[in-house]
Amino acid sequence: YFILYCIDPGGNGTVSFIHILKQWHHSREKMELSGTLSLVLSQCCKRIKDTVQKLAVHHKDIHSSVSRVGKAIDKNLDSDLGSVGIEGCWQAESQRLLSEVMVEHFFRQGVLDVAEELCQEAGLCIDPSQREPFVELNRILEALKLRDLRPALQWAVENREMLMAQNSSLEFKLHSLSFIRLLMGGTANQREALQYAKNFQPFAGNHQKDIQVLMGSLVYLRQGIENSPYVHLLDSNQWSDICDIFTRDACSLLGLSVESPLSVSFSAGCVALPALINIKAVIEQRQCMGVWNQKDELPIEVDLGKRCWYHSVFACPILRQQTTESNPPMKLVCGHIISKDALNKMINGSKLKCPYCPMEQVPADAKQIYF
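Presented here is an overview of the structure given in this document. Numbers given to residues run from 1 along each chain, matching the order in which its sequence is written. Reporting in this predicted model follows two pLDDT cut-offs: at least 70 for local features of residues, and 80 or more for side-chain atom pairs to be given and counted; totals over whole chains, interfaces and linings ignore these cut-offs and use all residues. Excluding hydrogens and water, the side-chain figures rest on all heavy atoms present in the structure.

1. Remarks on the packing of helix H6 (residues 150-158) against helix H8 (residues 170-183)
Argument step 1. Geometry is summarised by axes, namely lines fitted to C-alpha atoms with helices restricted to the contacting stretch, and by angles between N-to-C directions that run from 0 to 180 degrees. Labels follow the DSSP assignment, with helices taken as runs of H or I lasting at least four residues and strands as runs of E lasting at least two, numbered in each case from the N terminus. At a closest axis distance of 9 Å, the pairing of H6 and H8 adopts a crossing angle of 145°. In this structure, the crossing between H6 and H8 has a hand that is left-handed. Here H6 contributes Ala-152, Leu-153, Trp-155, Ala-156 and Val-157 to the contact with H8, which in turn contributes Leu-170, Glu-171, Leu-174, His-175 and Ser-178.
Argument step 2. In the contact of H6 with H8, the residues fall into 7 nonpolar, 2 polar and 1 charged. Handedness of a crossing is defined here by the sense of rotation of the near helix relative to the far one, left-handed for an anticlockwise turn of less than a right angle and right-handed for a clockwise turn. Contact criterion: two residues are considered in contact whenever any of their non-hydrogen atoms come within 4.5 Å of each other. Classes in brief: Ala, Val, Leu, Ile, Met, Phe, Trp, Tyr, Cys and Pro nonpolar; Asp, Glu, Lys and Arg charged; the others, Gly included, polar.

Written as structure tokens, this is what we have:
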């Protein structure tokens with residue numbers, strides 16, 4: 001006997017069972033079923049029926065959830081994203097800048113062939129000196145992901161003075177990981193680990209406690225670091241941390257941001273897009289199209305979160321406007337800060353009176369503030 005299960009091809013979500021009892025089908029006219037066999041068959045049929053009902057109910061629940069996915073996508077995703085664009089914002093110069101940002105992004109990601117192809121198609125002339133640092137950076141990062149510390153250590157030693165100038169702990173972290181790898185070898189590497197510990201000498205002033213912890217772990221080599229109070233030294237997250245530290249310090253030495261400008265802009269656009277679509281619909285509904293006609297500003301303030309805070313923002317307390325390069329913040333002699341436009345409007349003859357305190361001063365004594 002055997003049972004063949006199949007799904008109803010009608011697509012209505014019900015499940016049907018075709019019971020084919022071959023041997024009994026051929027001999028049913030020649031023999032009669034015993035009471036025991038009839039009881040067994042009836043119990044099997046009941047179990048099969050219960051299973052069918054459970055599968056049908058489960059399938060309905062899944063079908064209900066899946067059917068709501070499409071509706072949620074249609075509700076939350078607007079296919080007409082071009083409505084929030086401003087005509088004429090992508091001039092030749094803007095397109096060139098965008099192409100350069102994309103090339104830099106591809107260099108950061110290590111896809112050099114794609115970057116070079118884009119340079120050819122966009123007609124960009126990229127200096128080879130801009131390409132070489134990214135090649136080396138990606139080569140070292142790939143080695144770190146494979147837990148090969150030698151290229152990173154060599155780079156850190158070559159740039160030690162600049163790294164020390166910015167209080168970087170990269171070289172010490174790399175030596176620490178090399179030392180920990182020796183500790184994992186047990187007592188067989190004890191002599192080599194003690195010899196390698198001499199590399200910590202230049203960092204004793206800033207990392208004394210960390211060095212004490214590393215040296216204290218030598219006491220537990222016989223029983224194994226994994227069975228000691230120093231088991232935290234074997235945390236695998238240290239490898240992802242060292243990649244982040246290297247990327248941060250290498251980009252700092254190259255004068256680059258840690259994150260790709262293209263990635264940051266794309267993420268910010270994804271956050272701002274829903275709000276811009278909504279305000280665009282409101283503007284069209286109320287027929288006040290002149291509200292949004294500036295290429296360098298938005299009609300509303302969009303909160304991108306603290307992750308996108310890269311510098312301080314100052315709003316003039318007098319004019320209630322955010323300062324810009326053409327209207328920078330100015331520090332008065334008394335210490336209060338206002339915008340340059342506000343300062344010019346408050347000049348009375350050759351004197352200026354602070355709006356917060358009665359101190360009179362010469363406008364030329366005000367100094368520009370840089371955040």
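2. Remarks on the environment of Val-302
Argument step 1. By the secondary structure assignment, Val-302 is in the loop between helix H12 (261-286) and strand E3 (329-331).
Argument step 2. Each C-alpha atom of the pair Val-302 and Ala-268 lies 9.5 Å from the other, and the pair is 34 residues apart in sequence.
Argument step 3. The residues touching Val-302, leaving out its near neighbours within four places in the chain, are Ala-272 and Leu-276.

3. Some points on the packing of helix H3 (residues 92-109) against H12
Argument step 1. As a packed pair, H3 and H12 sit with axes 8 Å apart at the nearest point and diverge in direction by 110°. The orientation of H3 with respect to H12, classified from their angle, is roughly perpendicular. Facing H3, whose interface residues are Val-101, Met-102, Glu-104, His-105 and Arg-108, H12 presents Pro-261, Leu-262 and Ser-263.
Argument step 2. Within the contact of H3 with H12, the residues separate by chemical class into 4 nonpolar, 2 polar and 2 charged. Geometric relationships in this document are graded by angle, where less than 35 degrees denotes roughly parallel, more than 145 denotes roughly antiparallel, 65 to 115 denotes roughly perpendicular, and other angles denote oblique.

4. Things to note about the sheet that holds strand E5 (residues 347-348)
Consider a sheet: its strands pair through backbone hydrogen bonds, and that pairing is either parallel or antiparallel.
Argument step 1. Two strands qualify as a pair provided DSSP detects at least 2 bridges between them. Taking strand neighbours across the sheet as the criterion, the 3 strands line up as E5-E6-E7 in an open arrangement whose pairing is antiparallel. Here the strands that pair on one side only, and so sit at the sheet edges, are E5 and strand E7 (360-361).
Argument step 2. Here strand E6 (residues 351-353) pairs with E7 via 2 bridges, running antiparallel. Looking across to E7, one finds that Lys-353 is bridged to Glu-360.

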